[in-house]
Amino acid sequence: MAILKIARMGHPVLLRRCDPVPDPGAPEIRRLVADMMETMADAPGVGLAAPQVFQPLRLFVFRVPGDRSGVDPDDSPVGNAVLINPELELIGDDRTLGWEGCLSIPGMRAAIPRAKRVRYRGVDCDGNVVTREVSGFHARVVQHEYDHLDGILYTMRVTDFSLFGFNEELNKAAEDAAR
Ligand code: NI
């Protein structure tokens, strides 16, 4: 396994529509997924899409840590998961604002409107079909990672630029506001 270099915003690999994975069970895909999981843990992050490690393929890894999951049973913690050639369907017109960061935009975050619930379907490295309906943080991380496969970064979805900034400054401001 190996820790991979992460592409940063401005690199064209992050702006293209990625190609389907022809053979999800291929040894090179298994290796890529294992390396992406290791890279995500090392960063640390909660999601990583293949274009972020310079592979323009339709796959991403993610996790839902216990401190980010919600009370909804569709938003319970999830260990390392992979979705290859995913399809994503947003459920309902409700959008909710939540903070997002991205390993390709280090040190920053913004509040981004996302669907509260989504349905997704993809395969894992063993060819098993993974299909779920989820909400909350789980729904948010999947929408964020899926966007990467279409060349969309969270910055392109900012609706209120007063809710976009450096983590250090936003943390300071939140501490001051709570004082
Ligand atoms: Ni990202």
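Refer to the structure above for everything that follows.
Our subject in this report is the structure included herewith. Each chain carries its own residue numbering, running from 1 in the direction its sequence is written. Predicted model: local features are reported for residues with pLDDT of at least 70 only, side-chain atom pairs are reported and counted for 80 or more only, and whole-chain, interface and lining totals are derived from all residues. Only hydrogens and water are set aside when side-chain values are computed; all heavy atoms of the structure are taken into account.

Turning to the coordination of the nickel ion, a few remarks are in order. Water is not part of the atom set, so a site may look incomplete; the donors themselves are N, O and S atoms within 2.8 Å of the metal, or 3.2 Å for Na, K and Ca. Around the nickel ion, the donor atoms from the protein are C102 (SG), H144 (NE2) and H148 (NE2), and they sit 2.1 to 2.3 Å away. Considered as a linear motif, the donors of the nickel ion on their single chain read C-x41-H-x3-H. In this pair, H144 and H148 both sit in helix α2 (residues 136–149), 4 residues apart, roughly one turn of the helix. Helix numbering and strand numbering both begin at the N terminus, where a helix is a DSSP run of H or I of at least 4 residues and a strand a DSSP run of E of at least 2.

Bringing the pairing of strand β2 (residues 59–64) into the picture now. In this scheme, a residue with accessible area under 20% of its type's maximum is buried, one over 50% is exposed, and one in between is partly exposed, where area comes from a 1.4 Å probe on protein chains only. Most of β2 is tucked away, with 5 of its 6 residues classed as buried. Pairing between strands is defined by DSSP: at least two bridges between them are needed. As defined by bridge partners, β2 adjoins strand β3 (residues 78–100) across 5 bridges and the pair is classed as antiparallel. Within the sheet, the bridge partner assigned to L59 lies in β3 and is I84.

Think of a nonpolar core as a cluster: buried Ala, Val, Leu, Ile, Met, Phe, Trp, Tyr and Cys residues, connected wherever their side-chain atoms sit within 4.5 Å. Judged by nonpolar contacts, the single largest core of 18 residues is most densely connected at I29, V33, M36, L59, V61 and I84. Those elements that place two or more of their residues in this core are α1 (27–42), β2 and β3. No other element matches the 6 residues that α1 contributes to this core. Not counting chain neighbours up to four residues away, the residues in contact with V33 comprise L59, V61, V82 and C125. Core analysis: the next-biggest nonpolar cluster, separate from the first, contains 17 residues, A49, V141, V142 and L149 among them. Should any heavy atoms of two residues lie within 4.5 Å, those residues are considered in contact.

Attention now goes to the packing of aromatic side chains. Stacked, tilted and edge-to-face are the three classes applied to pairs of Phe, Tyr and Trp rings, where Trp contributes its six-membered ring and a pair requires centres within 6.5 Å; stacked means planes under 30 degrees apart, edge-to-face means over 60, and tilted covers the rest. Counting across every chain of the model gives 4 aromatic pairs. Residues F62 and Y120 carry aromatic rings whose centres are separated by 6.4 Å and whose planes lie at 85 degrees to one another, so their mutual orientation is edge-to-face. Linking F62 in strand β2 with Y120 in strand β4 (residues 108–123), this pair joins segments that are 58 residues apart in sequence. Its relative accessible area of 3% is what places Y120 among the buried residues. Plain terms: the ring middles of F161 and F164 are 6.2 Å apart, the flat faces sit at 65 degrees to each other, and that makes the pair edge-to-face. According to the relative accessible area criterion, F161 is exposed, its value standing at 55%. Judged by relative accessible area, which is 24%, F164 ranks as partly exposed. Looking at R58, its charged tip hangs above the ring of Y146, at a distance of 5.7 Å from the centre. Taking NZ or CZ as reference, R109 lies 5.2 Å from the ring centre of W99, over its face. For a Lys NZ or an Arg CZ to count as sitting over a ring, it must be within 6 Å of the ring centre and within 35 degrees of the ring normal.

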